[in-house]
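# Coordinates in review
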Amino acid sequence: MGNIDRLGADDGCDEDAELQTTPFPPRVSVVLPVHNGAAYLDAAIDSILGQTFADFELICVDDGSTDATPDILRSYADADSRIRVITNRPNKGLPGALNTGFAAARGSLHTWTSDDNIARPQMLERLVAALDANPAAAIAHGNYSVIDADGRVTGLQKVGPASDLLLGNKIGAAFLYRAEVTQTLTGYDEALFGVEDYDFWLRAARSFQFVTLDEDLYLYRRHEASLTDRRAARIHRLTTQILRRELAFVPDRKLRARALVEQGMASRIEPRLAMLAQGLALSPGLAHGRIVPILRHLAHHVLRVFKRRTG
């Protein structure tokens, strides 16, 4: 687990001293981790600077980039005092970069965005308003659109309540949470690169309330170089690992069974046959009406094995 309270010069992080502090802390801290993300970085930064809610700081964590990223970040930081740049040397990976950024955050509300995604102009305004209207809630999140490499919208993703987290990552890409969430969870688990966000939400759901907005607040880009496509197999394995951990905290037998069956059939890369079998054993009735999709799932993975063995 990364410790977000012990980061400094000894951790290989450099920050422009002139931009470290301002007289009054902002309401929102936005962290933007980036490693060789020059291709879409301008659009990502512009989408934050164009927010209708302006009381924020943007902490850009250059995670050991070797492309034009440092020059782009320097140019933006020189032009806007709300932008702070921290450089990791060497590269720490996404969860490590997030922990670096949030260790420097001064806002009472936290969020992060990716170098290839775009926040809709009203995202911060709507999420801040949701938390202000729901003081018992610690995390607000909303829907998002999926775009392709050229920025064309290809679909809309509706998020779900935190109660459905065991069935999949229902929180989405547009979110805002109170700083106490960061502190309580001690940041993102650096051993879970690729599923650090899902792990974060699962752990958060044990202690905090969520509020869900049925609004499209973000543009999530899917392209050939995206992390989730590049490391899909490892991500699926890690997802299975953290799901099994979380199921130990669930006393409801039926909910455990449903989660095992749903997640057992969720991956087109990893069979998860043990999870599927365990879920059906806990609640055989879940197979009712699902025989056809279960058989299709099994057939898909049998065919994948056959293709690998036959070349």
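This section reports on the structure supplied with the text. In this text the structure is predicted, and so the values were computed from the model without any measurement. (Residues numbered from 1 in each chain as written. Predicted model: local features only at pLDDT ≥ 70, side-chain atom pairs only at ≥ 80, totals over all residues. Heavy atoms only, no water.)

## Points about the overall build of the protein chain
Counted only if it meets this: The numbering of helices and of strands both runs from the N terminus, where a helix is a DSSP run of H or I of at least 4 residues and a strand a run of E of at least 2. Here the globule rule reads 2.2 Å times residues to the power 0.38, and the radius of gyration is calculated from C-alpha atoms. Here's how the labels work: a residue is buried when its accessible area is under 20% of the maximum for its type, exposed when over 50%, partly exposed in between, all with a 1.4 Å probe on protein chains only. Should any heavy atoms of two residues lie within 4.5 Å, those residues are counted as being in contact.
For the protein chain, the helix and strand inventory stands at eleven helices and ten strands. In terms of C-alpha radius of gyration, the protein chain reaches 20 Å, essentially the compact-globule figure of 19 Å for 311 residues. In terms of its C-alpha atoms, the protein chain occupies a principal-axis envelope of roughly 60 × 50 × 40 Å. The burial tally for the protein chain puts 50% of its 311 residues in the buried class. Long-range pairs, those at least 24 residues apart, make up 79% of the contacts in the protein chain with a sequence separation of at least 6.

## Focus on the pairing of strand 5 (residues 109-112)
Keep this limit in mind: Two strands form a pair only when DSSP identifies at least two bridges running between them.
The alternating pattern of strand 5 places Leu109 and Thr111 on one face and His110 and Trp112 on the opposite face, and all of these are buried. Bridge count for strand 2 (residues 28-34) against strand 5 is four bridges, and the pairing is parallel. Its bridge partner lying in strand 5, Val31 is registered against Trp112.

## Description of the packing of helix 6 (residues 196-205) against helix 8 (residues 232-247)
Any two packed helices are characterised by how steeply their axes cross, that is the angle between the axes, and by the distance between the axes. We apply this condition: Axis definition: a line fitted to C-alpha atoms, over the contacting stretch in the case of helices. Angles run 0 to 180 degrees between N-to-C directions. Each angle receives one of four descriptions, namely roughly parallel if under 35 degrees, roughly antiparallel if over 145, roughly perpendicular if within 65 to 115, and oblique otherwise.
The contact between helix 6 and helix 8 brings their axes to 10 Å, and the two run at 5 degrees. Taken together, the axis directions place helix 6 and helix 8 in an arrangement best described as roughly parallel. In this structure, helix 6 contributes Tyr198, Asp199, Leu202 and Arg203 to the contact, and helix 8 contributes Thr239, Ile242, Leu243, Arg245 and Glu246.

## Some remarks on unusual backbone geometry
At the junction of Arg89 and Pro90, the peptide bond is cis and its omega measures out at 0 degrees in the coordinates. A positive phi angle is found at Thr186, which is not glycine, with a value near 50 degrees. Considering the arrangement of structural elements, one finds Thr186 in the loop between helix 5 (179-185) and helix 6. Of note, the phi angle at Arg272 is positive, near 55 degrees, even though the residue is not glycine. If you trace the backbone, Arg272 turns up in the loop between helix 9 (253-264) and helix 10 (273-282).

## Quick look at the pattern of salt bridges
Quick note on the threshold: The salt bridge criterion pairs a side-chain nitrogen of Lys or Arg with a carboxyl oxygen of Asp or Glu, the two atoms within 4 Å.
In the structure shown here, the tally under the stated rule is 15 salt bridges. Two residues, Glu215 and Arg126, come together in a salt bridge whose shortest N-O distance is 2.7 Å. Placement of the pair is Glu215 in strand 10 (residues 210-221) and Arg126 in helix 4 (residues 123-133), with a sequence separation of 89 residues. On the basis of relative accessible area, Arg126 is assigned to the partly exposed category, the value being 31%.

## Let's talk about the environment of Ala274
Here Ala274 is to be found in helix 10. Distance in space between the C-alpha atoms of Ala274 and Val261 is 9.7 Å, their sequence separation being 13 residues.

## Some details on the side chain of Asp116
Basically, it comes down to this: Two residue types count as positive, namely Lys and Arg, and two as negative, namely Asp and Glu; His and chain ends fall outside the count.
Mapped onto the elements, Asp116 comes out in the loop between strand 5 and strand 6 (118-119). As a buried residue without a salt bridge, Asp116 has its nearest oppositely charged side chain in Arg221, at a separation of 5.7 Å. In contact with Asp116, other than residues within four places in its own chain, are Tyr40, Arg221 and His223.

## A word on the pairing of strand 9 (residues 174-178)
With five of five residues buried, strand 9 lies mostly within the body of the structure. The side-chain alternation of strand 9 yields two buried faces, one formed by Ala174, Leu176 and Arg178 and the other by Phe175 and Tyr177. As judged from the two bridges shared by strand 5 and strand 9, these two strands associate in the antiparallel manner. Across the sheet, residue Leu109 finds its bridge partner in strand 9, namely Arg178. Pairing analysis gives four bridges linking strand 7 (residues 139-147) to strand 9, with the strands arranged antiparallel.

## As for the packing of aromatic side chains
To be explicit about the condition: Between rings of Phe, Tyr and Trp, where Trp is taken as its six-membered ring, a pair exists when centres lie within 6.5 Å; planes separated by under 30 degrees are stacked, by over 60 edge-to-face, and by other angles tilted. By definition here, charges over rings are those cases where NZ of Lys or CZ of Arg is within 6 Å of the ring centre and within 35 degrees of the ring normal.
Counted under the stated rule, the structure contains twelve aromatic pairs. With a centroid separation of 5.3 Å and an interplanar angle of 80 degrees, the aromatic rings of Phe200 and Trp201 are classed as edge-to-face. According to the relative accessible area criterion, Trp201 is buried, its value standing at 1%. A cation over a ring is seen here: Arg206 above Phe249, with NZ or CZ 4.1 Å from the ring centre.

## Here we look at the side chain of Asp199
Counted only if it meets this: Between N or O atoms, a polar contact is any pair within 3.5 Å; within protein, one atom must be a potential hydrogen donor and the other a potential acceptor, and residues adjacent in sequence are included only when both atoms are from side chains.
Within the secondary structure, Asp199 is located in helix 6. Judged by its relative accessible area of 0%, Asp199 is buried. Only 2.7 Å separates the side chain of Asp199 from the side chain of Arg245, close enough to count as a polar contact. Residues within four places of Asp199 in sequence aside, it is in contact with Asp189, Leu192, Ile242 and Arg245.

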